[in-house]
Amino acid sequence: MRKPALYSPSARPAGSKRGAPGGEAPVEAVAEPAAAMPRSRWRGVAGRAASSPRVMWSALALLAALLAASVWQGGALAPRALTQKDIDAAVLRTLTTQSLPSAAARAAEKIRPAVVRVMSYVKDKKGEEQEQGVGTGVVIVDKGIILTNLHVVQGAQIIKLVFADGTESGASVTGVQPQNDLAVLQAHTIPDDLIAATMRSTNDLLPGDGVVAVGFPFGIGPSTSSGVISGFDRAFKSPEGEQEIGNLIQFDAAANPGNSGGPLVTMDGEVVGIVTGILNPTSHRTFVGIGFAVPIESAASAAGLPPF
């Protein structure tokens, strides 16, 4: 009897067998055990290709070429290290193409969250509130402790504050220093994110150093003016007052009624004085270029803060 023909394994699906030649019925394939099958009978085309040294070395050469191309492309796209020349050119371009805030603008922006409008009221015969005056204050402790001028709140029956974020509050006078025209206020309502000013010693300041005054001149503000320190250890007596105040900072940043009690700050936005008055050769109460501020060392002592 003849043995059935042998077939190598086929990847074709089992249901797609062709009919035998001559219209005969399909012949069932009988597979020999792999151990008995000659190697050349079941090794397919891939096996023959892998056994060819030429094909193998060609594939390796192609892979090596692709790897080299990838490494070269990665190196070409890598960023170049910045040099000092590149940095200088970028800074110069920024300075020449963009308008940067002035030193005075930066100082005002830093101190503004700590600047407070201070309003004093008295009651008339009918018990109604009448505004007595408007001044400025500066927060020196974030618990609501504020420095201002004594003449801003002196004689007031009611004191009201407006903080930088719009929060309104009543206030009480907790301390005074009449010899320096200073008063310490405690706010009754404190904003959640109240920011206190940074105070700086005046010991290393010189005439000509830039300063900024922020306040509410004539109730308008907060308003900013800038100038320089004109001198130290000045004395001043207001037309309405009887007491002369000494050891004052003279400055030429514009100040007017309403600036009283506001901060005088350096170009770093740090408080070096409390604006207390302006020189008035006439009765018009207009600024003529000479303002005075109590040094922060004296002002801070009014609030019981330790000296620098």
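Above this text sits the structure in question.
Notes on the structure follow.

The next point concerns the side chain of Ser169. Tracing the sequence through the fold places Ser169 in strand β5 (residues 168–177). Residue class for Ser169 comes out buried when judged on its relative accessible area of 7%. Within polar-contact distance, the side chain of Ser169 engages the backbone nitrogen of Thr189 at 2.8 Å. Residues within four places of Ser169 in sequence aside, it is in contact with Ile159, Lys160, Leu161, Phe163, Ala187, His188 and Thr189.

The full count for this structure, using the stated rule, is three salt bridges. Note that Arg112 and Glu109 form a salt bridge whose closest N and O atoms lie 3.0 Å from each other. Here Glu109 falls in the exposed class, since its relative accessible area comes to 52%. Where Asp204 meets Arg200, a salt bridge forms, and the shortest distance between an N and an O atom there is 2.9 Å. Owing to a relative accessible area of 49%, Asp204 belongs among the partly exposed residues under this scheme.

Attention now goes to the pairing of strand β2 (residues 129–141). For a regular strand, side-chain orientation follows a simple rule: the groups alternate between the two sheet faces. With nine bridges joining them, strand β1 (residues 115–123) and β2 adopt antiparallel strand pairing. Looking at β2, one finds that Arg117 is bridged to Thr136. The hairpin turn running from β1 into β2, its antiparallel successor, is five residues long, and Gly127 in that turn takes a positive phi close to 85 degrees. Hairpin connection, β2 to strand β3 (residues 145–149): the antiparallel pair is bridged by three residues, and Gly144 has positive phi, about 95 degrees.

Core analysis: the largest hydrophobic core is formed by 41 residues, its most contacted members being Ile111, Val138, Ile146, Leu147, Leu161, Phe163 and Leu185. The element contributing the most residues to this core is strand β6 (residues 182–187), with five residues. Those residues within four positions of Phe163 in sequence are excluded, and the remaining contacts are Val116, Val139, Ile146, Ser169, Ala187, Thr189, Pro191 and Leu194. Among the nonpolar cores identified, the runner-up in size contains 13 residues, and Val211, Ala213, Phe251 and Ala255 belong to it.

Moving on, we come to the sheet that holds β1. Spatial ordering of the closed barrel is given by β1-β2-β3-β6-β5-β4, a layout of six strands whose pairing is antiparallel. Pairwise comparison of adjacent strand axes, ignoring direction, gives a mean angle of 40 degrees for this sheet. The pairing of β5 with β6 spans six bridges and is classified as antiparallel. Within β6, the position partnered with Ala171 by the bridge is Ala187.

Note that Arg106 resides in helix α5 (residues 103–111). Judged by relative accessible area, Arg106 falls into the partly exposed class, the value being 48%. C-alpha separation for the pair Arg106 and Met267, spaced 161 residues apart in sequence, amounts to 7.5 Å.

We now examine the pairing of strand β4 (residues 158–162). As paired strands, β1 and β4 are joined by five bridges and run antiparallel to one another. Note on β4: the bridge partner recorded for Val118 is Leu161. Bridge count between β4 and β5: three bridges; the pairing is antiparallel. Note that in β5 the partner of Leu161 across the bridge is Ser169.

What follows is about the sheet that holds strand β9 (residues 245–251). Ordered by their spatial adjacency, six strands build a closed barrel running β7-β8-β9-β12-β11-β10, and the pairing between neighbours is antiparallel. Adjacent strand axes in the sheet meet at a mean angle of 50 degrees, parallel and antiparallel pairs treated alike. The sheet contact formed by β9 and strand β12 (residues 291–295) spans three bridges and is antiparallel. Across the sheet, the residue bridging to Ile249 is Ala293, located in β12.

Bringing unusual backbone geometry into the picture now. Note that the residue after Gly221, namely Pro222, is joined by a cis bond; omega there is 10 degrees. Relative to the helices and strands, Pro222 is located in the loop between β7 (210–215) and β8 (223–236). The backbone of Phe218 shows a phi angle near 55 degrees, a positive value even though the residue is not glycine. Relative to the assigned elements, Phe218 resides in the loop between β7 and β8. Even without glycine at this site, Asn247 takes up a positive phi of about 55 degrees. Structurally, Asn247 is set in strand β9.

Glancing now at the environment of Asn180. The residue Asn180 is located in the loop between β5 and β6 in this model. Asn180 gets classed as buried once you look at its relative accessible area, which sits at 13%. Placed 68 residues apart in sequence, Asn180 and Leu248 show a C-alpha to C-alpha distance of 9.2 Å. A polar side-chain atom of Asn180 sits 2.7 Å from a polar atom in the side chain of Gln177.

Calculation notes
- Residues numbered from 1 in each chain as written.
- Predicted model: local features only at pLDDT ≥ 70, side-chain atom pairs only at ≥ 80, totals over all residues.
- Heavy atoms only, no water.
- Helix = DSSP H or I, 4+ residues; strand = E, 2+ residues; numbered from the N terminus.
- Buried < 20%, exposed > 50% of the residue type's maximum accessible area, 1.4 Å probe, protein only.
- Polar contact = N/O pair within 3.5 Å; in protein donor to acceptor, adjacent residues only side chain to side chain.
- Contact = heavy atoms within 4.5 Å.
- Salt bridge = Lys/Arg side-chain N within 4 Å of Asp/Glu carboxyl O.
- Pairing = 2+ DSSP bridges.
- Core = buried A, V, L, I, M, F, W, Y, C linked by side-chain atoms within 4.5 Å.
- Axes fitted to C-alpha atoms, helices over the stretch in contact; angles between N-to-C directions.

Geometry only, nothing functional implied.
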